[in-house]
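Residue-level listing of the chains:
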Amino acid sequence: MILVTGGAGFIGSNFVLDWIKTVGTPVLNIDALTYAGNVANLASLKNDARHHFERCDILDRPAMAALLKTHHPRAIIHFAAESHVDRSIHGPGAFVQTNVVGTFNLLEEARAYWNDLTGDEKKNFRFLHVSTDEVYGSLSPTDPAFSETTPYAPNSPYSASKAASDHLVRAYHHTYGLPTLTTNCSNNYGPLQFPEKLIPLVIHNALQAKALPIYGDGKNIRDWLYVGDHCSGIRAVLEKGRLGETYNIGGNSEKNNLEVVKAICAILDTHHPQGAPHEKLITFVKDRPGHDQRYAIDARKISQELQWSPQEKFETGLAKTVTWYLDHSDWVKGVTSGAYRQWLDVNYDDRQ
Ligand code: NAD
Ligand code: DAU
């Protein structure tokens, strides 16, 4: 059995579904079900005995200890986090709690559990920490891409909290020998992403003929990674990664935000012609404070050491993603409740 934290969120639920399909061994899925967690993401596993879900906060240390003891996992894959940069600007406290204190709790309980293991179980145990390229800070358009040796320079409360958690993971390997692995990846997109992040937000707004808000001049650049490729990258690191190492995972798809939004509009013009051309909804709004200019990933290490590379092209991945949202209006309805609308007021009202 593997233990996954945050497995009801966007990447975590894609990872659990992918794991059950490709590897097929049991998963203990621990998630606090914050606004970002959604058990409906896992509906297809309802009658699958290989998936065991526990609603649990990683801040609850006794509960984490008990779950480790009862389920005896061979690995922990740690996704649980507060993940949205804009929310971290409006309320950084939750980010420090979950991302820093929560990761610390998990490391402490993992260390105690691992210390009690013996033989092959001890040798083969892994703690894989899922992190972000944002810990490396911001690049100019001509800087070389982030490598695993790029110094940390986080700029938002979100990225600072993730950087802190990465440092704790590193220290637990260095000091206690805990068999850790860390992955730092770029912007994910794909099915089941909560519509607060750029791509699903733009699809959701366009389908309602609402403004498509572009922060600043729309020239900020992100590297886009299809979520299925992220899942296979994590599996490769878990299987073959060297202990204590970090691996960058990227999609080889640098785009500026305006290009991304225009590409979504073009796909919608074909698949949902009502309201075309959707580009007319593009609206430039007040920038995000401290907005990082560019992220880019040098993924040579994972490619050369572990023979992993992304399989999805941005154009095909984006088309699949838009189609998924068009085909899953019930899922979208389920997650865009009153709390979601309150968030839109908090984040967008003073940007006009
Ligand atoms: P998400 O916000 O969609 O999901 C996070 C999940 O964690 C939710 O299910 C939530 O309920 C759960 N959670 C939050 N606090 C918790 C707590 N205290 N205890 C237990 N569960 C809790 O996030 P995501 O986009 O799926 O990101 C997953 C991980 O990948 C995060 O660690 C994030 O930093 C990292 N990451 C994300 C991206 C991206 O583009 N989305 C890119 C790089 C790295
Ligand atoms: O780089 C990896 C990171 O990618 C992850 O660690 C984070 O968890 C994830 O949220 C994501 O962070 P970003 O801030 O890059 O993602 P977001 O979708 O919020 O924004 C992408 C870009 O689009 C960014 O430059 C801000 C811009 N944007 C975003 C929103 C929500 C807009 O222009 N308008 C918007 O309404």
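Look up a bit, the structure's there.
In this text the structure is predicted, and so the values were computed from the model without any measurement.

What counts, and at which threshold
- Residues numbered from 1 in each chain as written.
- Chains lettered and ligands numbered in written order.
- Predicted model: local features only at pLDDT ≥ 70, side-chain atom pairs only at ≥ 80, totals over all residues.
- Heavy atoms only, no water.
- Near = heavy atom within 4 Å.
- Helix = DSSP H or I, 4+ residues; strand = E, 2+ residues; numbered from the N terminus.
- Polar contact = N/O pair within 3.5 Å; in protein donor to acceptor, adjacent residues only side chain to side chain.
- Areas by Shrake-Rupley, 256 points an atom, 1.4 Å probe, with all protein chains shown as cover.
- Pairing = 2+ DSSP bridges.
- Axes fitted to C-alpha atoms, helices over the stretch in contact; angles between N-to-C directions.
- Contact = heavy atoms within 4.5 Å.
- Salt bridge = Lys/Arg side-chain N within 4 Å of Asp/Glu carboxyl O.
- Buried < 20%, exposed > 50% of the residue type's maximum accessible area, 1.4 Å probe, protein only.

## Section: the site of ligand 2
In the neighbourhood of ligand 2, 25 residues make up the surrounding shell, with D133, Y158, R288, H291 and Y348 lying closest. Secondary-structure elements contributing two or more residues to the shell around ligand 2 are α3 (85-90), α7 (198-207) and β8 (212-215). The greatest single-element share of the shell around ligand 2, amounting to 3 residues, is contributed by β8.

## A look at the site of ligand 1
The local shell around ligand 1 holds 29 residues, among which I11, D31, S83, Y158 and K162 are the closest. One nitrogen or oxygen atom from the main chain of F10 is found 3.0 Å from an oxygen atom belonging to ligand 1. Protein chains shield 96% of the accessible area of ligand 1, which is 830 Å² for the free molecule. Counting residues per element, the ones that place at least two in the shell around ligand 1 are α1 (10-22), β5 (126-132), α6 (157-176) and β7 (187-189). Counting residues per element, the shell around ligand 1 draws most heavily on β5, at 3 residues.

## Examining the sheet that holds strand β2 (residues 27-31)
Either a parallel or an antiparallel arrangement is found when strands of a sheet pair, and the pairing is made through backbone hydrogen bonds. The strand order across the open sheet formed by 7 strands is β3-β2-β1-β4-β5-β6-β10, and the pairing between neighbours is parallel. Among the strands making up the open sheet, the edge pair consists of β3 (51-55) and β10 (246-249). Between one strand axis and the next, the sheet turns by 20 degrees as a mean value, whatever way the strands run. Pairing geometry for strand β1 (residues 2-5) and β2, over 4 bridges, is parallel. Bridge assignment links V4 to a residue of β2, and that residue is N29. α6 contacts β5 and β6 (180-185) of the sheet and is inclined by roughly 155 degrees relative to β5. This element, helix α8 (residues 227-240), spans β4 (75-78), β5, β6 and β10 of the sheet and lies at about 145 degrees to β5.

## As for the pattern of salt bridges
A full pass over the atoms with the stated rule returns 17 salt bridges. The closest approach of N and O atoms between K301 and E245, which form a salt bridge, is 2.5 Å. Taken together, the positions of K301 in helix α10 (residues 300-306) and E245 in the loop between α8 and β10 put the pair 56 residues apart, joining distant regions of the chain. For E245, a relative accessible area of 22% corresponds to the partly exposed category. Residues E315 and K255 are paired through a salt bridge, measuring 3.7 Å at the closest nitrogen-oxygen approach. Note that E315 is positioned in helix α11 (residues 314-327) and K255 in strand β11 (residues 254-256), a separation of 60 residues in sequence. E315 sits in the partly exposed class, given a relative accessible area of 48%. The network of salt bridges with common partners includes R242, E245, K301 and E305.

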